[in-house]
Amino acid sequence: MITAIVFIQAEVDQIPEVAEAIAALDGVSEVYSVTGGIDLIALIRVRQHEDIARVVADRLNKVPGVRDTETHIAFRAYSRLDLESAFSLGLD
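So, here's what we can say about the structure. (Residues numbered from 1 in each chain as written. Predicted model: local features only at pLDDT ≥ 70, side-chain atom pairs only at ≥ 80, totals over all residues. Heavy atoms only, no water.)

1. Some points on the sheet that holds strand S4 (residues 66-73)
Sheet architecture is open: four strands sit in the order S2-S3-S1-S4, paired in antiparallel fashion. Here the strands that pair on one side only, and so sit at the sheet edges, are strand S2 (28-33) and S4. Each strand axis lies, on average, 20 degrees off the axis of its neighbour in the sheet, ignoring direction. Both strand S1 (residues 2-10) and strand S3 (residues 40-46) contribute to a ladder of seven bridges, which runs antiparallel. Looking across to S3, one finds that Phe-7 is bridged to Ile-41. (Pairing = 2+ DSSP bridges. Helix = DSSP H or I, 4+ residues; strand = E, 2+ residues; numbered from the N terminus. Axes fitted to C-alpha atoms, helices over the stretch in contact; angles between N-to-C directions.)

What follows is the structure, encoded as C-alpha coordinates:
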(Lines give C-alpha, C1' and ligand atoms only; values in the text may rest on other atoms or scores of the structure.)
Protein backbone atom coordinates (compact mmCIF):
# COMPACT_ATOMS: atom_id res chain seq x y z
CA MET A 1 0.00 0.00 0.00
CA ILE A 2 1.33 3.43 -0.97
CA THR A 3 0.32 6.48 1.05
CA ALA A 4 0.42 10.04 -0.23
CA ILE A 5 -0.31 13.13 1.82
CA VAL A 6 -1.83 15.97 -0.19
CA PHE A 7 -1.83 19.56 1.08
CA ILE A 8 -4.75 21.43 -0.47
CA GLN A 9 -5.50 25.11 -0.79
CA ALA A 10 -9.18 25.69 -1.44
CA GLU A 11 -11.50 28.61 -2.02
CA VAL A 12 -12.23 29.73 1.54
CA ASP A 13 -15.99 29.90 1.09
CA GLN A 14 -16.06 26.35 -0.33
CA ILE A 15 -13.84 24.43 2.12
CA PRO A 16 -16.57 22.11 3.51
CA GLU A 17 -17.89 21.28 0.03
CA VAL A 18 -14.38 20.72 -1.34
CA ALA A 19 -13.52 18.46 1.60
CA GLU A 20 -16.66 16.37 1.10
CA ALA A 21 -16.07 16.04 -2.65
CA ILE A 22 -12.46 14.96 -2.11
CA ALA A 23 -13.44 12.49 0.63
CA ALA A 24 -15.84 10.83 -1.82
CA LEU A 25 -13.06 10.07 -4.36
CA ASP A 26 -11.83 6.49 -4.71
CA GLY A 27 -8.37 6.21 -3.17
CA VAL A 28 -8.93 8.97 -0.62
CA SER A 29 -9.05 7.53 2.88
CA GLU A 30 -9.32 10.70 4.97
CA VAL A 31 -9.61 14.48 4.61
CA TYR A 32 -8.79 16.91 7.41
CA SER A 33 -9.56 20.61 7.71
CA VAL A 34 -6.47 22.23 9.25
CA THR A 35 -5.08 25.56 10.37
CA GLY A 36 -2.07 27.29 8.86
CA GLY A 37 -1.00 27.93 5.30
CA ILE A 38 -3.14 25.15 3.84
CA ASP A 39 -6.83 24.44 4.18
CA LEU A 40 -7.13 20.67 3.87
CA ILE A 41 -4.96 17.57 4.10
CA ALA A 42 -6.02 14.43 2.23
CA LEU A 43 -4.57 10.98 2.78
CA ILE A 44 -4.43 8.89 -0.37
CA ARG A 45 -3.92 5.14 -0.10
CA VAL A 46 -3.42 3.20 -3.33
CA ARG A 47 -1.70 0.06 -4.58
CA GLN A 48 0.62 1.54 -7.22
CA HIS A 49 2.45 4.82 -7.74
CA GLU A 50 0.59 5.37 -11.01
CA ASP A 51 -2.66 5.37 -9.03
CA ILE A 52 -1.53 8.49 -7.15
CA ALA A 53 -1.49 10.41 -10.43
CA ARG A 54 -4.96 9.11 -11.28
CA VAL A 55 -6.36 10.20 -7.92
CA VAL A 56 -4.55 13.54 -7.53
CA ALA A 57 -3.96 14.85 -11.05
CA ASP A 58 -6.98 13.34 -12.76
CA ARG A 59 -9.62 13.80 -10.04
CA LEU A 60 -8.66 15.72 -6.90
CA ASN A 61 -7.14 18.69 -8.74
CA LYS A 62 -10.33 18.98 -10.79
CA VAL A 63 -12.69 19.29 -7.82
CA PRO A 64 -14.35 22.71 -8.04
CA GLY A 65 -12.86 25.02 -5.40
CA VAL A 66 -9.40 23.41 -5.30
CA ARG A 67 -6.84 26.17 -5.93
CA ASP A 68 -3.54 24.34 -5.42
CA THR A 69 -2.12 21.05 -4.17
CA GLU A 70 1.22 19.76 -2.94
CA THR A 71 1.70 15.99 -2.81
CA HIS A 72 4.10 14.13 -0.52
CA ILE A 73 4.63 10.37 -0.88
CA ALA A 74 5.28 8.51 2.36
CA PHE A 75 8.12 5.99 2.33
CA ARG A 76 7.83 4.74 5.91
CA ALA A 77 4.99 4.71 8.43
CA TYR A 78 5.32 4.85 12.18
CA SER A 79 2.46 4.01 14.47
CA ARG A 80 2.24 4.83 18.15
CA LEU A 81 2.94 1.17 18.92
CA ASP A 82 6.05 1.18 16.70
CA LEU A 83 7.37 4.35 18.35
CA GLU A 84 6.74 3.07 21.86
CA SER A 85 8.64 -0.11 21.03
CA ALA A 86 11.51 1.76 19.42
CA PHE A 87 12.02 4.09 22.37
CA SER A 88 11.25 1.64 25.15
CA LEU A 89 14.02 1.30 27.70
CA GLY A 90 12.56 -1.88 29.11
CA LEU A 91 11.78 -0.24 32.46
CA ASP A 92 8.57 -1.06 34.24
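2. Some words on the environment of Gln-9
Residue placement: Gln-9 occurs in strand S1. C-alpha separation for the pair Gln-9 and Ile-38, spaced 29 residues apart in sequence, amounts to 5.2 Å. Non-local contacts of Gln-9, meaning those with residues more than four positions away in its chain, are made with Gly-37, Ile-38, Asp-39, Gly-65, Val-66, Arg-67 and Asp-68. A polar atom in the side chain of Gln-9 sits 3.2 Å from the backbone oxygen of Gly-37. (Contact = heavy atoms within 4.5 Å. Polar contact = N/O pair within 3.5 Å; in protein donor to acceptor, adjacent residues only side chain to side chain.)

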